Number of protein chains: 2
Amino acid sequence: MKRTDRRSDCPTNFALQAFGDSWSLLVVRDLMFKGKRSFVEFAASDEHIATNILTDRLFTLRRSGIIRRDGTGRATRYSLTAKGVDLLPLMIEMIVWAARHDGRSAAPGAFVRRATRARAELLAEMRARLVLEHAAR
Amino acid sequence: MKRTDRRSDCPTNFALQAFGDSWSLLVVRDLMFKGKRSFVEFAASDEHIATNILTDRLFTLRRSGIIRRDGTGRATRYSLTAKGVDLLPLMIEMIVWAARHDGRSAAPGAFVRRATRARAELLAEMRARLVLEHAAR
DNA sequence: CTGTATCCTTAGGGATACTG
DNA sequence: CAGTATCCCTAAGGATACAG
């Protein structure tokens, strides 16, 4: 069963069907934070995605409506659709989480600190509930 | 190159190394929102993860420090560590995104609506920048 | 119940060459 | 430059049986 064939009405599963692999969100990151727009720019990222895989992911991300393609030939450029831009909160939370738990990361920058405060109250409540739930057992 | 072998200092890549596959976050979802704690409960989810894959994911999630295992034999129970609970914001953003873009989803509930408002101001600013950036080209 | 182990098939992916 | 195509190997995963 392919990842994209797995059916359930769960929103988590829906999201994972769209980008639940180890390459798609790296392309989104390049578009969202690194200003990359072209095939070679994506291929040149530190993670060294193979060109056949890159072709495939650009296609599936387009099919999911997360990115679009403009131009043709060597003028081809990719960009985020509104649906892709809507991934911004998720990307920020990934970065916040990684910055907090990756020992190799530098100290969190102003960007991460601000993002962390912005939704602090809402999450503190739910987090406390989850933690207490564990402690109670 | 395995997902978990791919090296770069990017926090996005760090996060994808920990849970950038199509099954790990479903286990986190089951622990976080569905109150599931045992092997069979995870295996019984709608997405029907195979038991060998489940064994592997429980192991890698433990190795990543996202979940812990308590008890032994048929008393074995899994739960989220603090590091796992810290994935809550990310999970919420996944759900918010999916609820907005999955046509099959029901109308967003109070949970999603509240989560959506909580970090609205911060993100509106960055989102506007990304959208304008595209429009300008 | 909680896993392991095995068998087998398919998807993912690296390397490289090639085309428009 | 922007991809495709091919080769080939490995990892992912499904089915099932089995063990503690």
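Here's what I pulled together on the structure shown here. (Residues numbered from 1 in each chain as written. Chains lettered and ligands numbered in written order. Predicted model: local features only at pLDDT ≥ 70, side-chain atom pairs only at ≥ 80, totals over all residues. Heavy atoms only, no water.)

## Quick notes on the overall build of chain A
Reasoning step 1: Helix and strand counts for chain A come out as eight helices and two strands.
Reasoning step 2: The order of α-helices and β-strands along chain A, N terminus first, is α-α-α-α-β-β-α-α-α-α.
Reasoning step 3: By its C-alpha atoms, chain A is 60 × 40 × 25 Å across when sized along the principal axes.
Reasoning step 4: Relative to its full complement of 137 residues, chain A shows a buried share of 50%.
Reasoning step 5: Residue pairs in contact within chain A that sit at least 24 positions apart in sequence constitute 38% of those at least 6 positions apart. (Helix = DSSP H or I, 4+ residues; strand = E, 2+ residues; numbered from the N terminus. Buried < 20%, exposed > 50% of the residue type's maximum accessible area, 1.4 Å probe, protein only. Contact = heavy atoms within 4.5 Å.)

## Here we look at the protein's contact with DNA strand C
Reasoning step 1: Near DNA strand C you find 21 residues, and of these Arg57 of chain A together with Val40, Thr55, Arg69 and Tyr78 of chain B are the closest.
Reasoning step 2: Among the atoms of DNA strand C lying within 4 Å of the protein, the sugar-phosphate backbone contributes 67%.
Reasoning step 3: In the model, a base oxygen of DNA strand C is placed 3.4 Å from a nitrogen or oxygen of the Thr51 of chain A side chain.
Reasoning step 4: Looking at side-chain class alone, the surface near DNA strand C contains seven nonpolar, nine polar and five charged residues. (Near = heavy atom within 4 Å. Polar contact = N/O pair within 3.5 Å; in protein donor to acceptor, adjacent residues only side chain to side chain. Nonpolar A, V, L, I, M, F, W, Y, C, P; charged D, E, K, R; others polar.)

## Focus on the interface of chain A and chain B
Reasoning step 1: With 64 residues of chain A in contact, the opposing surface of chain B contributes 64 residues.
Reasoning step 2: Carbon and sulfur atoms supply 67% of the area that chain A and chain B bury against each other, a total of about 6,100 Å² over both sides.
Reasoning step 3: For the pair chain A and chain B, the interface holds two salt bridges.
Reasoning step 4: Across the pair Arg100 of chain A and Asp86 of chain B runs a salt bridge, and its minimum N-O distance is 3.3 Å.
Reasoning step 5: Seen at the junction of chain A and chain B, the total is eight residue pairs in polar contact (both at pLDDT 80 or more).
Reasoning step 6: Of all elements in the fold, only helix H1 (11–19), helix H2 (24–33), strand S1 (67–70), helix H5 (82–85), helix H6 (88–101), helix H7 (110–118) and helix H8 (120–136) of chain A reach the threshold of two or more residues within the side of chain A that touches chain B. (Buried area = accessible area lost by both parts, 1.4 Å probe. Salt bridge = Lys/Arg side-chain N within 4 Å of Asp/Glu carboxyl O.)

## Quick notes on the protein's contact with DNA strand D
Reasoning step 1: As a structural note, the neighbourhood of DNA strand D is formed by 20 residues, with Val40, Thr55, Arg69 and Tyr78 of chain A together with Arg57 of chain B the closest of them.
Reasoning step 2: Looking at DNA strand D alone, sugar and phosphate atoms form 60% of those within 4 Å of the protein.
Reasoning step 3: Note that a base oxygen of DNA strand D is positioned 3.2 Å from one of the side-chain N or O atoms of Thr51 of chain A.
Reasoning step 4: At a separation of 2.7 Å, a phosphate oxygen of DNA strand D approaches a polar side-chain atom of Tyr78 of chain A.
Reasoning step 5: Residue assignment for the surface near DNA strand D shows that the elements contributing at least two residues are helix H3 (39–43), helix H4 (51–63) and strand S2 (77–80) of chain A together with helix H4 (51–63) of chain B.
Reasoning step 6: No other element matches H4 of chain B, which puts four residues into the surface near DNA strand D.
Reasoning step 7: Looking at side-chain class alone, the surface near DNA strand D contains seven nonpolar, nine polar and four charged residues.

## Regarding the relation of the copies chain A and chain B
Reasoning step 1: Taken as rigid bodies, chain A and chain B are interconverted by a rotation of 180° and an axial shift of 0.0 Å, the fit giving an RMSD of 0.0 Å. The transformation just described matches what one would write down for a two-fold rotation axis.
Reasoning step 2: Residue by residue, 100% of the interface of chain A is reproduced at the interface of chain B, so both copies engage with the same surface. (Least-squares fit on C-alpha atoms with pLDDT ≥ 70 in both.)

## Considering the packing of aromatic side chains
Reasoning step 1: With the rule as written, the count across this model stands at six aromatic pairs over all chains.
Reasoning step 2: Their ring planes at 70° and their centres at 5.3 Å tell us that Trp97 of chain A and Phe19 of chain B sit as a pair that is edge-to-face. On the criterion of chain membership, the pair formed by Trp97 of chain A in helix H6 and Phe19 of chain B in helix H1 (residues 11–19) is interchain, its members lying in two chains.
Reasoning step 3: Residue Trp97 of chain A is classed as buried on the basis of its relative accessible area of 2%.
Reasoning step 4: Plain terms: the ring middles of Phe42 of chain B and Tyr78 of chain B are 6.0 Å apart, the flat faces sit at 55° to each other, and that makes the pair tilted. Highlighted residues: Phe42 of chain B in helix H3 (residues 39–43) and Tyr78 of chain B in strand S2 (residues 77–80), separated in sequence by 36 residues.
Reasoning step 5: Classification of Phe42 of chain B by relative accessible area gives buried; the value is 2%.
Reasoning step 6: These aromatic residues form a ring-pair network of at least three members: Phe14 and Phe19 of chain A together with Trp97 of chain B. (Phe/Tyr/Trp six-rings, centres within 6.5 Å; stacked < 30°, edge-to-face > 60°.)

## Comments concerning the packing of helix H6 (residues 88–101) of chain B against helix H7 (residues 110–118) of chain B
Residue and element names in this part refer to chain B.
Reasoning step 1: Two elements in contact, H6 and H7, have axes whose closest approach is 10 Å; the angle formed by their N-to-C orientations is 110°. If you check the angle between H6 and H7, you find them roughly perpendicular. Contact residues: Ile92, Ile95, Val96, Ala99 and Arg100 in H6; Phe111, Val112, Ala115 and Thr116 in H7.
Reasoning step 2: A class-by-class count of the residues in the contact of H6 with H7 yields seven nonpolar, one polar and one charged. (Axes fitted to C-alpha atoms, helices over the stretch in contact; angles between N-to-C directions. Parallel < 35°, antiparallel > 145°, perpendicular 65-115°, else oblique.)

## Examining the pairing of strand S1 (residues 67–70) of chain B
Residues and elements named next belong to chain B.
Reasoning step 1: Pairing geometry for S1 and S2, over four bridges, is antiparallel. Across the sheet, the residue bridging to Arg68 is Ser79, located in S2.
Reasoning step 2: Counted between consecutive antiparallel strands, the loop separating S1 from S2 contains six residues, among which Gly71 sits at a positive phi close to 80°. (Pairing = 2+ DSSP bridges.)

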